[in-house]
Structures are given as structure tokens and as C-alpha cells.
Amino acid sequence: MDGCETLAVIIDDEISSKVARIIAGEDAVKIVLFLKKTGKATNDQILAETELPLNYIRKILFKLYNYSIVQCDRLRDKETRWFIFNWRFQPDQVEGFITNMKKRVLGILKVRLEYEANNDFYYCGTQECDKYTFETAMEQVFRCSVCGKPLQHHDNSNIVKLLRDRVEKIEKGSST
Ligand SMILES: [Zn+2]
């Protein structure tokens, strides 16, 4: 038993499935959950379990490997002398992947929040049209460049509050 197996209990099936799905799609979930259960498996064992085409399995494993979600030990078969790939699930990397994703989302949210909080917006009220910053609205003499309607000041305090809440929620979550 290694430390990974203890961590595998903490990183539950739901989180593992979510990460597998993001990286390599629905079929990756089957492979990750199988590796999570067995600890280690060869291509042939994964094939027997999932009944997916071998090339497709390799493609998925390679994607997961790129994110270090799986690790690979290469052994030589004593009889055939061919390489056998033994795949291992790496639960600690699942956690790292989630942390990185949170950081990326947080970065995007913060940029958006700053933009929303530091600008006044003007809007024609037509759903398909954009909202303009004060500078742009002024350049357009307060007329929408798409539909031609007059631009009115647009209260974005709801969006600012929503963004602030989401940033706060993520920041609280990642510190625990
Ligand atoms: Zn418009």
C-alpha cells in the first residue's frame, strides 16, 4: 500500500469523474474510475473492463497523462519481450488540477469584476446588443451602433455583486 491509496479515498468518485470528463470526455470517466478502484491496470485490463477500442483508450490515457492524472510504469513482458504499460491513478494530481482550474477561473472573474466595477455602462435595452462603456457611448453620441436606439445608463450593480460573491466563494473554498 502506498500513500496514493489513502488519498484515493479522500478524492471521491464524483470529483475524479468530473476531472476526467473535463480532460478527456465521458469515456475517460470509465477508465479513471476503473484505475481508481484497481490502483493499477494494463491496457489489456482496461480494454477488458471498458470494451472501448484500444487506440481510443490510448488516446484518453495520453490526455490524462498530460495532466498527470495517470502515471505509467513501463515493464517488459518476460515471454514476449514486449512492453507492458501499467497505468496508475494519481489522486493527488486531481486535487492539483482542481486548484489550478479554480485559480484560472478566479483570475478571469477578477478581471471581469474590475472591468464592471470601474466602468459606467450604457445600453439600448435590446437583448442582442452590447453594453457600451462611457467612452464608447460618448463616441457614438449615445446611440447604439447596432440597432440605432438611444443609449441609457445601465445599472450593473447586480453583476458586480454577483461577481464579488463568486470571487469570495472561490477564495474561501481554496483556502481550506
Ligand atoms: Zn442596440
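Every chain is numbered on its own, with residues counted from 1 as its sequence reads. A pLDDT threshold of at least 70 governs which residues receive local features in this predicted model, and a stricter bar of 80 or more applies before side-chain atom pairs are shown or counted, although totals over entire chains, interfaces and linings include all residues.

**Quick look at the environment of valine 29**
Heads up, the condition is: A helix here means a DSSP run of H or I that spans at least four residues, while a strand means a run of E at least two residues long, and both kinds are numbered starting from the N terminus. Partly exposed residues are those whose C-beta has more than 12 but fewer than 20 other C-beta atoms within 10 Å; 20 or more makes a residue buried and 12 or fewer makes it exposed, with C-beta atoms placed from the backbone. Remark: residues whose backbone-derived C-beta atoms lie within 7 Å of one another are considered to be in contact.
Residue position: valine 29 is located in helix H3 (residues 26-38). Valine 29 sits in the partly exposed class, given 18 other C-beta atoms within 10 Å. Expressed as a C-alpha distance, the spacing of valine 29 and isoleucine 84, which sit 55 residues apart in the sequence, is 22 Å. Not counting the four nearest positions on each side in its chain, valine 29 is found in contact with Ser17, Ala20 and Arg21.

**Quick word on helix H6 (residues 91-117)**
Heads up, the rule is: One less than the residue count of a helix, multiplied by 1.5 Å, gives the span that helix is expected to have.
Here H6 contains 27 residues, and its C-alpha end-to-end distance of 39 Å stays within 8% of the 39 Å for a straight helix at 1.5 Å per residue. Buried residues of H6: Pro91, Val94 and Phe97, and no others.

**Quick notes on unusual backbone geometry**
Residues apart from glycine generally show negative phi values, whereas peptide bonds are mostly found in trans. One non-glycine residue, serine 68, lies in positive phi territory at about 60 degrees. Within the chain, phenylalanine 142 stands out as a residue other than glycine whose phi angle is a positive 55 degrees. Tracing the sequence through the fold places phenylalanine 142 in the loop between helix H7 (134-139) and strand S6 (152-154). Phenylalanine 142 sits in the partly exposed class, given 15 other C-beta atoms within 10 Å.

**Some details on the sheet that holds strand S2 (residues 70-76)**
Under the convention used in this document: In this analysis, strands are considered paired if DSSP registers two or more bridges between them. The axes are straight lines fitted to the C-alpha atoms, using for helices just the contacting stretch, and the angles between their N-to-C directions are given from 0 to 180°.
Read across the sheet, 3 strands follow the order S1-S3-S2 without closing on themselves; strand pairing throughout is antiparallel. One side of each edge strand has no neighbouring strand; the edge strands of this open sheet are strand S1 (40-42) and S2. Within the sheet, the average angular offset between the axes of one strand and its neighbour, ignoring direction, is 30 degrees. Where S2 meets strand S3 (residues 83-89), 7 bridges bridge the pair, whose relative direction is antiparallel.

**Things to note about the domain arrangement of the protein**
Many authors give the size of an interface as the accessible area that is lost as the parts come together. Here is the rule: The split into domains, and so the bounds of each, comes from an automatic or database assignment of domains.
The domain architecture assigned to the protein consists of domain 1 (3-95) and domain 2 (119-175). One C-alpha centre belongs to domain 1, the other to domain 2; they are set 45 Å apart.

**Thoughts on the sheet that holds strand S4 (residues 121-123)**
The strand order across the open sheet built from 3 strands is S5-S4-S6, with neighbouring strands paired in antiparallel fashion. For this open sheet the edge positions go to strand S5 (132-133) and S6, each flanked by a neighbour on one side alone. Where S4 lies against S5, 2 bridges are found, and the strand directions are antiparallel. Across the sheet, phenylalanine 121 pairs through a bridge with threonine 133, a residue of S5.

**Examining the packing of helix H2 (residues 13-24) against helix H5 (residues 54-66)**
This is how the line gets drawn: For this classification, under 35 degrees means roughly parallel, over 145 means roughly antiparallel, 65 to 115 means roughly perpendicular, and everything else is oblique. Charged residues are taken to be Asp, Glu, Lys and Arg, nonpolar residues to be Ala, Val, Leu, Ile, Met, Phe, Trp, Tyr, Cys and Pro, and polar residues to be all remaining types, Gly included.
In the contact formed by H2 and H5, the axes pass within 9 Å of each other and the chain directions differ by 110 degrees. On the basis of their axis angle, the class for H2 and H5 is roughly perpendicular. The residues of H5 that touch H2, namely those facing Ala20, Ile23 and Ala24, are Ile60, Lys63 and Leu64. Across the contact of H2 with H5, the residue classes tally to 5 nonpolar, no polar and 1 charged.

**A short note on the nonpolar core**
The cut-off we apply is this: As used here, a nonpolar core is made of buried Ala, Val, Leu, Ile, Met, Phe, Trp, Tyr and Cys residues. They are joined through C-beta atoms within 7 Å.
Ile31, Val32 and Leu64 are the most contacted members of the largest nonpolar core, which has 20 residues in total. Residue assignment for this core shows that the elements contributing at least two residues are H2, H3, H5, S3 and H6. The contact partners of isoleucine 31, leaving out residues within four places of it in the chain, are Ile46, Thr50, Ile57, Ile60 and Leu61. By size, the runner-up hydrophobic cluster in this structure holds 7 residues, among which are Phe121, Cys124, Tyr132 and Ala137.

**Quick notes on the pairing of S3**
Where a strand is regular, its side chains alternate between the two sheet faces. In the sheet, S1 pairs with S3 via 3 bridges, with the strands oriented antiparallel. What sits directly across from lysine 40, in S3, is arginine 88.

**A few points about the environment of glutamine 152**
Along the polypeptide, glutamine 152 turns up in strand S6. Aside from chain neighbours lying at most four places away, what touches glutamine 152 is Tyr122, Tyr123 and Gly125.

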